[in-house]
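A closer look at the structure
So the chains spell out like this:
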Amino acid sequence: MERGRPTGLFVGLCTLDVIQLVDHAPGPNEKLTARDQTVAAGGPAANAAVTFGHLGGAATLLTAIGAHPLGVGVAADLRALGVTVSDLAADSAEPPAVSSVLVTASTGERAVASTNATAHRLAPPDDLDGLVAACDIVEFDGHHMELAVAAARSARALGRKTLFDGGSWKSGTQDLLPLIDVAVCSADFHPPGTSTPTDTLRFLREHGVVWSAVTGGADPIQWAGPGGDGTVAVPAVPVADTLGAGDVLHGALAYHLALRARLTSEGFAEALRAAAVVASRASASFGTRAWMREG
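Anyway, here's the lowdown on the structure attached to this text. Just so we're clear, the structure is a prediction, and the values are computed from it rather than from any experiment.

Take the environment of Val-184 next. Topologically, Val-184 is positioned in strand E10 (residues 182–186). On the basis of relative accessible area, Val-184 is assigned to the buried category, the value being 0%. Linking Val-184 and Leu-263, residues 79 residues apart in sequence, is a C-alpha distance of 15 Å. When sequence neighbours within four positions are dropped, the list of residues in contact with Val-184 reads Leu-163, Phe-164, Asp-165, Gly-166, Ala-213, Thr-215, Leu-249, His-250, Leu-253 and Leu-272.

Now the structure itself:
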């Protein structure tokens, strides 16, 4: 640990998450009474920013939310959790993206429907360089790609670390990768011509990413870097809800990477291990916030 309180800029999606805990996913025309529910700001970048702040960092979220009453609630939720919000759709009267989430109680598996970032095309703000310069690390979730590429170019020019959350391959990802220092992707992230985690790690290396990893739920995280490769075990916990676990992992990883002035193989593996502990703790409780209240 080589630095003081880390600062992070999180670029990407913010949604309103409506999460219901159910016994099973409903069939056609079936109505269910949920066991529990929670409503919170969500989205990969937003959840990562919340995690980063909870661990002790100063997080800024660069995203689109809007002035609709639902958006006002989303922004208020984030600010109450200590996240600074830079809303590039602040004048929009349209509602924010809403994610409808069903979590199956017996398995913790989730089903999600959302419009994601399709309603907004965000141009880089005039103060983008200032936002980037004020942070130690910039994290991207692959949404709002034009904005992400611009912020990544700024980070590269200013010497700031960049972290990519590869949930799935999206149009424009190929333009972002050469500007990324660290990429941690899910098993559902399949670049062209790849079918295995080993393929993905090789693809990332060939496209300029220095440090990379692929997660697989409870399976060990596979990673690779300039000094070699390896795996990191994921702590075993009773899984209550997998929603947002990957987002939490990226927020925690951003925090631990920001504390390091330079990366080594040992340091990268340690940061992944610490992030996996936090993500596992999050998946042991329902919703995306309960883990922060429980420990």
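This is not the end of the story, as more comes after the structure.
On to the sheet that holds strand E7 (residues 110–113). Strand order in the open sheet formed by 4 strands is E3-E2-E6-E7, and the pairing between neighbours is mixed. The open sheet has two free edges, formed respectively by strand E3 (36–42) and E7, since each of these has just one partner strand. Averaged over all adjacent pairs, the angle separating strand axes in this sheet is 20 degrees, with direction ignored. The pairing of strand E6 (residues 98–104) with E7 spans 4 bridges and is classified as antiparallel. Residue pairing across strands places Ser-100 opposite Ala-113, the latter belonging to E7.

Now for the layout of surface pockets. A volume near 1,300 Å³ is recorded for the largest pocket. Forming the walls of the largest pocket are 44 residues, and the residues nearest its centre are Arg-110, Thr-242, Gly-244, Ala-245 and Gly-246. Elements supplying a minimum of two residues to the lining of the largest pocket: strand E2 (15–22), helix H1 (44–54), E6, E7, E10, strand E11 (211–216), helix H7 (245–258) and helix H8 (265–283). Top contributing element to the lining of the largest pocket by residue count: H7, with 5 residues. Of the residues in the lining of the largest pocket, the class split is 18 nonpolar, 19 polar and 7 charged.

So, on to the side chain of Lys-170. Its location among the elements puts Lys-170 in the loop between strand E9 (161–166) and helix H5 (173–176). The buried charged residue Lys-170 lacks any salt bridge partner; its closest oppositely charged side chain belongs to Asp-141, at an N-O distance of 6.6 Å. Among the polar contacts listed, one links the side chain of Lys-170 to the side chain of Ser-168, at a separation of 3.1 Å. In contact with Lys-170, other than residues within four places in its own chain, are Asp-141, Gly-142, His-143 and Met-145.

Moving on, we get to unusual backbone geometry. Located in the positive-phi region is Asn-29, a residue other than glycine, with phi close to 65 degrees. Structurally, Asn-29 is set in the loop between E2 and E3. Taking the relative accessible area as the measure of exposure, Asn-29 reaches 82% and is therefore exposed. The backbone phi angle of His-144 is positive, close to 50 degrees, even though this residue is not glycine. Locating His-144 in the fold gives a position in the loop between strand E8 (137–140) and helix H4 (145–158). The buried category is assigned to His-144, whose relative accessible area is 9%.

What counts as what
Every chain is numbered independently, its residues counted from 1 as its sequence is written. Confidence filtering applies because this is a predicted model: local features only for residues at pLDDT of at least 70, side-chain atom pairs given and counted only at 80 or more, and all residues used for totals across whole chains, interfaces and linings. Note that the side-chain values use all heavy atoms of the structure and ignore hydrogens as well as water. The way it works is that DSSP assigns letters per residue, a run of H or I at least four long becomes a helix, a run of E at least two long becomes a strand, and they are numbered from the N terminus. In this scheme, a residue with accessible area under 20% of its type's maximum is buried, one over 50% is exposed, and one in between is partly exposed, where area comes from a 1.4 Å probe on protein chains only. Here, two residues are considered to be in contact whenever any of their heavy atoms come within 4.5 Å of each other. Two strands pair under a simple rule: DSSP has to find at least two bridges between them. Axis angles are defined between N-to-C directions and span 0 to 180 degrees, where every axis is a line fitted to C-alpha atoms and, for a helix, only to the segment in contact. Using protein atoms alone on a 1 Å grid, points that fit a 1.4 Å probe yet trap it form a cavity, whereas open point sets bounded by protein on both sides within 12 Å along at least five of seven lines form a pocket; residues with an atom within 4 Å of a point count as lining. Grid points are joined across faces, edges and corners, and a volume is the space filled by probe spheres set on the points. Gly is put with the polar residues, along with every residue not named as nonpolar or charged; the nonpolar set is Ala, Val, Leu, Ile, Met, Phe, Trp, Tyr, Cys and Pro, and the charged set is Asp, Glu, Lys and Arg. Counting rule applied: Lys, Arg positive; Asp, Glu negative; His and chain ends not counted. Here a salt bridge means any side-chain nitrogen of Lys or Arg lying within 4 Å of a carboxyl oxygen belonging to Asp or Glu. Polar contact criterion, stated in full: a pair of N or O atoms within 3.5 Å, where within protein one must be able to donate a hydrogen and the other to accept it, and residues adjacent in sequence count only if both atoms are side-chain atoms.

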